[in-house]
Amino acid sequence: MGLEEKLPSGVLLTSVEKLVNWTRKSSLWPATFGLACCAIEMMATGAGRYDLARFGMEVFRASPRQADLMIVAGRVSQKMAPVLRQIYDQMPEPRWVLAMGVCASSGGMFNNYAIVQGVDHVVPVDMYLPGCPPRPEMLTDAILKLHHKIMHEPLGPRRARELAQAQAEGRAEELYVEMPSSVRADKAARAAYERAAAERRTGQFAIEQRGGDAVLLPEPYVRSGIATTTAERASQGDARSRQGVSIAASSASEERTDRGGDR
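Residues numbered from 1 in each chain as written. Predicted model: local features only at pLDDT ≥ 70, side-chain atom pairs only at ≥ 80, totals over all residues. Heavy atoms only, no water.

## So, the overall build of the protein chain
Regarding its fold elements, the protein chain presents ten helices and five strands. Per-residue burial for the protein chain yields a buried fraction of 30% across its 263 residues. Once local pairs closer than 6 in sequence are excluded, the contacts in the protein chain between residues at least 24 apart make up 66%. (Helix = DSSP H or I, 4+ residues; strand = E, 2+ residues; numbered from the N terminus. Buried < 20%, exposed > 50% of the residue type's maximum accessible area, 1.4 Å probe, protein only. Contact = heavy atoms within 4.5 Å.)

Below is the structure:
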């Protein structure tokens, strides 16, 4: 069963940008770079049980010149920071960085002078993965989210300017980065999630996926036939509070007047 059996009449139409991004995300080569205990989980992710070879990532390159993904697995000390930056500079473009674990993301429990409080102080980070240490399933999910990010990256500066303008005007396609891996693996669930995201009801979709029956009210929601937004409700609350203060003040003044008349 080859690829040609999946194509109608053996013809596939796509754009150069999508084709290039597909090849990039399907052949990520991570650098052999482990700093602390998170590296053990990274090794387990590459082993047979979790099998990063499914995504074309089984080749951890010993040379940064042959790698395009840096998984910062562990805490980064001040002495290691310039070494990490040198390895990053030796990686060819395009390159991506995944901060694995809370220590690499924010310094974690090592809030002291010896540890860099987040590897984003040294290199730009594309994906943050919390946990201490994160399990292989979590690393796999972060890699899949990074794949999704790569698939939607613009190709060239002109395309980047067009995408930035579309985002500023609200015409850009909304990215489904928060899509769970269990949904992403199922084509029917993925299509349902994309429809829900287009309608901005991903929260309701998550409740339905878990078998819940709660209903999230849309925003703005309708109460007593009048649509009110958050700002309007806040202004109404302020008006009611000001009205309550004025009523209390008038009652206090009337009480003082009555006491004066009695005297």
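## Focus on the packing of aromatic side chains
All told, the structure shown has zero aromatic pairs when counted by the stated rule. Here Arg61 stacks its cationic end above the ring of Trp29, 4.7 Å away from the centre of that ring. (Phe/Tyr/Trp six-rings, centres within 6.5 Å; stacked < 30°, edge-to-face > 60°. Lys NZ or Arg CZ within 6 Å of the ring centre and 35° of its normal.)

## Details of the sheet that holds strand S1 (residues 69-73)
Read across the open sheet, the three strands follow the order S1-S2-S3; overall the sheet is parallel. Single-partner strands in this sheet number two, and they are S1 and strand S3 (127-129). Strand-to-strand twist of the sheet, defined as the mean angle between neighbouring strand axes without regard to direction, takes the value 15 degrees. Its contacts with the sheet place helix H2 (residues 38-46) against S1 and strand S2 (96-100), and it is angled at close to 135 degrees to S1. (Pairing = 2+ DSSP bridges. Axes fitted to C-alpha atoms, helices over the stretch in contact; angles between N-to-C directions.)

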